[in-house]
Amino acid sequence: MAFLACAKGHLNSNEVFMKKFLIGAFVFAMAVLPIAERRSLTAQDKEKSEQAKLFAEYSNEVKMLMSDWSTKARAASGKMRTATPEERAEINKEMMAAQKTLMATLTGVGEKMLTLASGDDKDTAIDAISWIMTQSQDAAQKSKAAEKLLADHLDNPKVAEMLSVFGRGGIPSEATQNLLKTFSEKSKSDSVKGISTMTLASYLRNGKSMLGSLIENPRFAEAYPDSMDYFKKLAATKDEDVENLLKTAAEKYADVEHAGSTIGKMAKRELKIIETQRNLQVGKIAPDIEGPDIDGVTFKLSDYRGKVVMLDFWGDW
Amino acid sequence: MYPHERSLVKQLADKPFALIGVNSDRDREKLKDVMKEKDITWRSFWNGGSTGGPISTKWNVRGWPTIYVVDAKGVIRYKGVRGDKMDAALEELLGEAGVEVKITHDEDGDGE
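Residues numbered from 1 in each chain as written. Chains lettered and ligands numbered in written order. Predicted model: local features only at pLDDT ≥ 70, side-chain atom pairs only at ≥ 80, totals over all residues. Heavy atoms only, no water.

Student: In this structure, what is going on with the packing of aromatic side chains? I would like to understand it.
Tutor: Under the defined criterion, the tally for this structure stands at eleven aromatic pairs over all chains. Here the aromatic rings of F220 of chain A and F231 of chain A are separated by 5.6 Å at their centres, their planes lie at 25 degrees, and the arrangement is stacked. Taken as a pair, F220 of chain A in helix α10 (residues 218-223) and F231 of chain A in helix α11 (residues 228-235) lie far apart in primary sequence, eleven residues in all. Judged by relative accessible area, F220 of chain A falls into the buried class, the value being 13%. Look at F231 of chain A and you get buried, because its relative accessible area is 0%. Here a set of aromatic residues connected by ring pairs shows up, and it is made of F220, Y224, Y230 and F231 of chain A. Sitting over the ring of F299 of chain A, R43 of chain B keeps its end group 3.9 Å from the ring centre. (Phe/Tyr/Trp six-rings, centres within 6.5 Å; stacked < 30°, edge-to-face > 60°. Helix = DSSP H or I, 4+ residues; strand = E, 2+ residues; numbered from the N terminus. Buried < 20%, exposed > 50% of the residue type's maximum accessible area, 1.4 Å probe, protein only. Lys NZ or Arg CZ within 6 Å of the ring centre and 35° of its normal.)

The following block contains the structure:
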């Protein structure tokens, strides 16, 4: 994550530093939010286990730290604007120190979460794993959490739902992709397989479209030096691979319920969008348009065959 | 946008060229006034009063304005070209249709 790159990076200037660290804080908040929301829904009405209480305590601790951190970051970036070079150096030093403390605390909490991930209360174990996978900055902790997930929860639909949150938000990673792939292939539950197959397809498609232009951006490459090889691979995903996954999802897991719909419906909708995009590529015959003009008189795009047409989707706003 | 488009429409009036809009404004009556006021003479489809209308959905349009250039055979040839690149694209495609033109714009871009 940018966050980590920032802590390790060699800083050329204050500005680069501030930019990186604000991006980091932002990405961080984005990754944390969906999980936090989900928790408040699932954990409420249950008699809480010891394990669950500890989980609440640890994650709260981090939430407070994070909010503290963003307040500091905002204040620092405000001060930067009017600071002298000496003052800037001082602010940088303070922020680096604060970041180091934060990272150390996160690593510590990550270790405690790993213990919770092995506890008897399966729901909390999954929450702890989810926490590590989204919030830990420690690669070893993440891979341990992923192993736990595969070993203990391969057939649990709750995990498939959680993976679908990972697959749709945050920074793409090879670990996420592998996890989705394993769940979609190895689970004994049709529900898990269906949701994971669908999520993997969306993950690949979103990753491809998001990274397509980003990987050309030098600032992006600078923020994620270790991930660029993977990002390039993801950006080169073939449409065909995505379509095959969606077809599998639509054929084998059509009735699996997910996100207020079914996998069959979701997969078919995605397939249709991909087909539409393919039909709109340069070199394809333009899909005909038939509809009313502004005065209500119906006409067709194909009426203009034989002429060069500049088709302008516009609005006066 | 409008001056450049007005200029193209004027210059290519007797050429096999058409500028066709797909308009996603909300208020059709207000739009008619705007078109009169800004001298928008070319024809537009009405996208049902919303950016989520049937035509922009079918064409998977996510940003506005979005421009496609379709050749005389009905094939999509360019996407998202503007300014000079748009002029070059039109010159090329009109050339393929057997009409050599050189598009020029004067300073205020209205082609006069």
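That covers the picture; the talk isn't over yet.
Student: Would you mind showing me how to read the interface of chain A and chain B here?
Tutor: If you look at the interface, chain A gives 39 residues, while chain B gives 52 residues. Summed over both partners, the interface of chain A with chain B comes to about 4300 Å²; 62% of that surface belongs to carbon and sulfur atoms. Of all residues in chain A, M310, F313 and W314 of chain A give up the largest surface area on contact with chain B, accounting jointly for 23% of the area buried on that side. Connecting chain A to chain B are three salt bridges. The salt bridge partner of R43 of chain B is D293 of chain A, with a shortest N-O separation of 3.0 Å. There are 26 residue pairs in polar contact (both at pLDDT 80 or more) connecting chain A and chain B. Elements with a contribution of two residues or more to the side of chain A that touches chain B: α13 (263-279), β3 (290-292), β4 (298-300) and β5 (308-314) of chain A. The dominant element in the side of chain A that touches chain B, judged by the number of residues it contributes, is β5 of chain A, at seven residues. The class makeup of the residues in the side of chain A that touches chain B is 19 nonpolar, ten polar and ten charged. The sheet contact formed by β5 of chain A and strand β3 (residues 66-70) of chain B spans five bridges and is antiparallel. What sits directly across from V309 of chain A, in β3 of chain B, is V70 of chain B. (Contact = heavy atoms within 4.5 Å. Buried area = accessible area lost by both parts, 1.4 Å probe. Salt bridge = Lys/Arg side-chain N within 4 Å of Asp/Glu carboxyl O. Polar contact = N/O pair within 3.5 Å; in protein donor to acceptor, adjacent residues only side chain to side chain. Nonpolar A, V, L, I, M, F, W, Y, C, P; charged D, E, K, R; others polar. Pairing = 2+ DSSP bridges.)

Student: Help me out: how do you make sense of the sheet that holds strand β1 (residues 17-23) of chain B in this one?
Tutor: Within a sheet, adjacent strands bond to each other through the backbone by hydrogen bonds, running parallel or antiparallel. Pairing is mixed in the open sheet, where five strands are placed in the order β2(B)-β1(B)-β5(A)-β3(B)-β4(B). Bordering the open sheet on either side are β2 (44-46) and β4 (76-79) of chain B, each of which pairs with just one other strand. This sheet shows a mean twist of 20 degrees between the axes of neighbouring strands, independent of strand direction. When β1 of chain B meets β2 of chain B, the two strands line up parallel, connected through three bridges. Bridge pairing in β2 of chain B places V22 of chain B opposite F45 of chain B. (Axes fitted to C-alpha atoms, helices over the stretch in contact; angles between N-to-C directions.)

Student: What is the right way to look at the environment of K307 of chain A in this model?
Tutor: With respect to the helices and strands, the residue K307 of chain A is situated in the loop between β4 and β5. Since its relative accessible area comes to 35%, K307 of chain A is described here as partly exposed. Apart from the residues lying within four places of it in its own chain, the contact partners of K307 of chain A are P16, F17, A18, V70, D71 and A72 of chain B.

Student: Just to check I follow, could you spell out the environment of M86 of chain B for this structure?
Tutor: Residue position: M86 of chain B is located in helix α4 (residues 83-96). Its relative accessible area of 1% is what places M86 of chain B among the buried residues. Excluding residues that lie within four positions of it along the chain, M86 of chain B makes contacts with M310 of chain A together with H4, L8, I67, V69 and V81 of chain B.

Student: Is there a simple way to explain helix α8 (residues 174-186) of chain A in this structure?
Tutor: Residue and element names in this part refer to chain A. Along its 13 residues, α8 runs 18 Å from first to last C-alpha, staying within 8% of the 18 Å computed at 1.5 Å per residue. Listed as buried for α8 are T176, L179, L180, F183 and S184. For α8, the angular spread of the buried residues around the axis is 125 degrees, confining them to a single face. Across α8 from its buried face, at more than 90 degrees, point the exposed residues A175 and K186. (Expected span 1.5 Å × (residues − 1). Arc of directions from axis to C-beta.)

Student: Quick question: what am I supposed to make of the packing of helix α3 (residues 50-82) of chain A against helix α4 (residues 85-116) of chain A here?
Tutor: For any two helices packed against each other, the geometry is given by the interaxial angle and the distance between the axes. All names here are of chain A. α4 packs onto α3 with a crossing angle of 170 degrees between their chain directions and a minimal axis gap of 11 Å. With respect to α4, the axis of α3 lies roughly antiparallel. In this structure, α3 meets α4 at a crossing whose hand is left-handed. Residue composition of the contact of α3 with α4, grouped by class: 18 nonpolar, five polar and six charged. (Parallel < 35°, antiparallel > 145°, perpendicular 65-115°, else oblique. Left-handed = near helix turned anticlockwise from the far one by under 90°.)

Student: Help me understand the pairing of β1 of chain B in this model?
Tutor: Two faces make up the sheet, and in a regular strand the side chains alternate between them. Burial runs high along β1 of chain B: seven of the seven residues are buried. Here β1 of chain B shows no split at all, with F17, L19, G21 and N23 of chain B on one side and A18, I20 and V22 of chain B on the other all buried. Sheet topology places β5 of chain A next to β1 of chain B; seven bridges connect them, and they run parallel. Within the sheet, the bridge partner assigned to V308 of chain A lies in β1 of chain B and is F17 of chain B.

Such coordinate-based values are descriptive only and should not be taken to indicate function.
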